[in-house]
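Listed below, chain by chain, are the residues.
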Amino acid sequence: MKALILKKYGGAGQLVFADIPRPTIKPDEILVQVHAVGLNPIDYMIPKGTFKPILKFQLPATMGSDLAGVVVEVGSGVSRFRVGDAVFASIFDLGTGSLAEFAVVPEHAAALKPVKLDFVQAASIPMVGLASWQAFNERAKIKPGQKVFVPAGAGGIGTFAIQLAKHLGATVGTTTSTGNVDLVRSLGADEVVDYKKQEFEKVLRGYDAVLGTIRGDGLEKALQIVKPGSNVVSLIGPPDATFARARGMNFLMKFVFALLSSKIIRLAKKHDASYSFLFMRPDGLQLAKIGELLEESHIRPVIDKVFPFVQAKEGLAYLETGRAKGKVVVQIIKM
């Protein structure tokens, strides 16, 4: 089968298309003929070696995290899926990749594709959906009436997180550029700050939760808008010691991550807020619940561009520009 492979760390120049053997599955896995792959920032960061100390990644490796497709083989221990089922999943950090004609998916990571979504739409959801779900329901424990800040509301994570926070009953604040104000309002954002005209930390106040999605000093600025008892959940770091312990890392890595996160944790405490780093985990049962929200039109996919498989590298390059409104998807099979 054809796959997009990372030969060695060193950036996008190390990504090549290759013909590799069709994978075999274990008893608890399914083999999926991939129809579409949703791209995420992690997909262009991995080739640079950014997450080399964290991810269990054996090179050469097939790239890609999210997928939607059709089950063509099921393991002997699989009970939730049958051959012919349309599914979607994130296989991030599971030792396999999705930018290929076929992909191995552990049963626990997959969910049935929402009927009303096509494969491209479904492939755009898993990582951003699960990251938002875990941040809001497990970490911040958002309740109706609370205020949630989601920066970069027009981006891949932002377009989903705004909608989920609204579904949970929150008032949502966000930042975006002038041209995307109408988009984020249509998704449910209540307080919209045009970052080209205003600084959000001088405008917004009284927030119960912050979703960290922007590198740089965005998290520190966000602490100026939170109220006592708030939760700051970061998807982009810095990683903390709790994360290192959960990954079973050695003492040195625990020390390094504790050091990296010490400043933001200290600043959060000054504002009587808590900080945590969230590393999204694949979860098919949560994805099924997200699928119900999509099926019932509580949340809609937002897709910027779709690239054919042969232009997957161009898709990654476009995503890296930071200009995408919503998600970028690679289509493997055109229906």
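Because the structure is predicted, anything quoted here is derived from the model rather than measured.

Visitor: Explain the packing of aromatic side chains to me, and be specific about the residues and the numbers.
Guide: Applying the stated criterion across every chain yields a total of ten aromatic pairs. Each ring, one from phenylalanine 243 and one from phenylalanine 277, has its centre 5.0 Å from the other, and the planes form 90°; the classification is edge-to-face. Of the two residues, phenylalanine 243 is situated in helix H7 (residues 241-246) and phenylalanine 277 in strand S14 (residues 274-277); the sequence distance between them amounts to 34 residues. Neither phenylalanine 243 nor phenylalanine 277 differs from the other in exposure class; each is buried. Ring geometry for phenylalanine 307 against tyrosine 318: centres 6.2 Å apart, planes inclined by 45°, an arrangement best described as tilted. A residue pair is termed long-range when its members are at least 10 positions apart, and phenylalanine 307 in strand S15 (residues 303-308) and tyrosine 318 in helix H10 (residues 312-320) qualify at eleven residues. In this structure, phenylalanine 307 and tyrosine 318 share a single accessibility class: buried. Within the aromatic cluster, the residues linked to one another by ring pairs are Phe51, Phe92, Phe243, Phe257, Phe277 and Phe279. The aromatic ring of phenylalanine 102 is capped on one face by arginine 22, whose charged end is 4.3 Å from the ring centroid.

Visitor: Quick one: what's the story with the pairing of strand S10 (residues 171-176), residue by residue and with numbers?
Guide: The buried count for S10 comes to five of six residues, which makes it a mostly enclosed element. Direction of pairing for strand S9 (residues 147-150) relative to S10: parallel, over a ladder of four bridges. Within S10, the position partnered with valine 148 by the bridge is valine 172. The handedness of the S9 to S10 crossover, carried by helix H4 (residues 156-167), is right-handed. Two strands pair when backbone bridges link them, and S10 and strand S11 (residues 191-194) are joined in this way by four bridges, in the parallel orientation. Bridge pairing in S11 links threonine 175 to valine 193.

Visitor: If you had to explain helix H3 (residues 126-139) to someone new, which residues and values would you point to?
Guide: Think of an α-helix as turning once every 3.6 residues; residues three or four places apart then point the same way. The first and last C-alpha atoms of H3 sit 18 Å apart over 14 residues, in line with the 20 Å expected at 1.5 Å per residue. For H3, the complete set of buried residues consists of Pro126, Met127, Val128, Gly129, Leu130, Ala131, Ser132, Trp133, Gln134, Ala135 and Phe136. Two residues or fewer after H3 comes lysine 141, characterised by a positive phi angle close to 50°.

Visitor: Break down the packing of H3 against H4 for me, with residues and values.
Guide: Remark: H3 packs on H4, axes separated minimally by 9 Å, with the N-to-C direction vectors making an angle of 45°. Judged by the angle between their axes, H3 and H4 are oblique. Note that H3 runs across H4; the crossing there is right-handed. Contacts between H3 and H4 involve Val128, Gly129, Ala131, Ser132, Trp133 and Phe136 on the former and, on the latter, Gly156, Ile157, Phe160, Ala161, Leu164 and Ala165. Broken down by class, the residue content of the contact of H3 with H4 amounts to nine nonpolar, three polar and no charged.

Visitor: Describe in detail a nonpolar patch on the surface, supporting the description with residues and values.
Guide: Among the surface-exposed residues, Phe251, Leu252, Phe255, Val256, Leu259 and Leu260 lie close enough to one another that they form a single nonpolar patch of about 650 Å² accessible area. By the secondary structure assignment, phenylalanine 251 is in helix H8 (residues 251-270). On the basis of relative accessible area, phenylalanine 251 is assigned to the exposed category, the value being 68%.

Visitor: Tell me about unusual backbone geometry, residues and numbers included.
Guide: Cis peptide bonds are those with omega within 30 degrees of zero, and the linkage from leucine 59 to proline 60 qualifies with 0°. Proline 238 follows glycine 237 through a cis peptide bond whose omega is 5°. A positive phi angle is found at alanine 152, which is not glycine, with a value near 55°. Counting through the fold element by element, alanine 152 comes out in the loop between S9 and H4. Judged by its relative accessible area of 25%, alanine 152 falls in the partly exposed class.

Visitor: Mind laying out the sheet that holds strand S1 (residues 2-6), listing which residues take part and the relevant values?
Guide: What the three strands build is an open sheet, ordered S2-S1-S4; its pairing is antiparallel. The sheet is open, and its two edges are formed by strand S2 (15-19) and strand S4 (61-62), each paired on a single side. Direction of pairing for S1 relative to S2: antiparallel, over a ladder of five bridges. Its bridge partner being in S2, alanine 3 is matched across the sheet by alanine 18.

Visitor: Could you give an account of the sheet that holds strand S12 (residues 207-212), with specific residues and numbers?
Guide: In space, the six strands of this open sheet follow the order S11-S10-S9-S12-S13-S14, with parallel pairing throughout. Single-partner strands in this sheet number two, and they are S11 and S14. Each adjacent strand pair in this sheet contributes to an overall mean axis angle of 15°, direction not counted. Direction of pairing for S9 relative to S12: parallel, over a ladder of two bridges. Across the sheet, valine 148 pairs through a bridge with alanine 209, a residue of S12. The strands touched by H3 within the sheet are S9, S12, strand S13 (226-234) and S14, with S13 carrying the most contacts at an inclination of about 145°.

Each value, and the rule that gives it
Residues numbered from 1 in each chain as written. Predicted model: local features only at pLDDT ≥ 70, side-chain atom pairs only at ≥ 80, totals over all residues. Heavy atoms only, no water. Phe/Tyr/Trp six-rings, centres within 6.5 Å; stacked < 30°, edge-to-face > 60°. Helix = DSSP H or I, 4+ residues; strand = E, 2+ residues; numbered from the N terminus. Buried < 20%, exposed > 50% of the residue type's maximum accessible area, 1.4 Å probe, protein only. Lys NZ or Arg CZ within 6 Å of the ring centre and 35° of its normal. Pairing = 2+ DSSP bridges. Right-handed = clockwise from strand over helix to strand, strands pointing away. Expected span 1.5 Å × (residues − 1). Axes fitted to C-alpha atoms, helices over the stretch in contact; angles between N-to-C directions. Parallel < 35°, antiparallel > 145°, perpendicular 65-115°, else oblique. Left-handed = near helix turned anticlockwise from the far one by under 90°. Contact = heavy atoms within 4.5 Å. Nonpolar A, V, L, I, M, F, W, Y, C, P; charged D, E, K, R; others polar. Patch = residues over 30% accessible without salt bridge, like charges linked within 9 Å, V, L, I, M, F, W, Y side chains within 5 Å. Areas by Shrake-Rupley, 256 points an atom, 1.4 Å probe, with all protein chains shown as cover. Salt bridge = Lys/Arg side-chain N within 4 Å of Asp/Glu carboxyl O.

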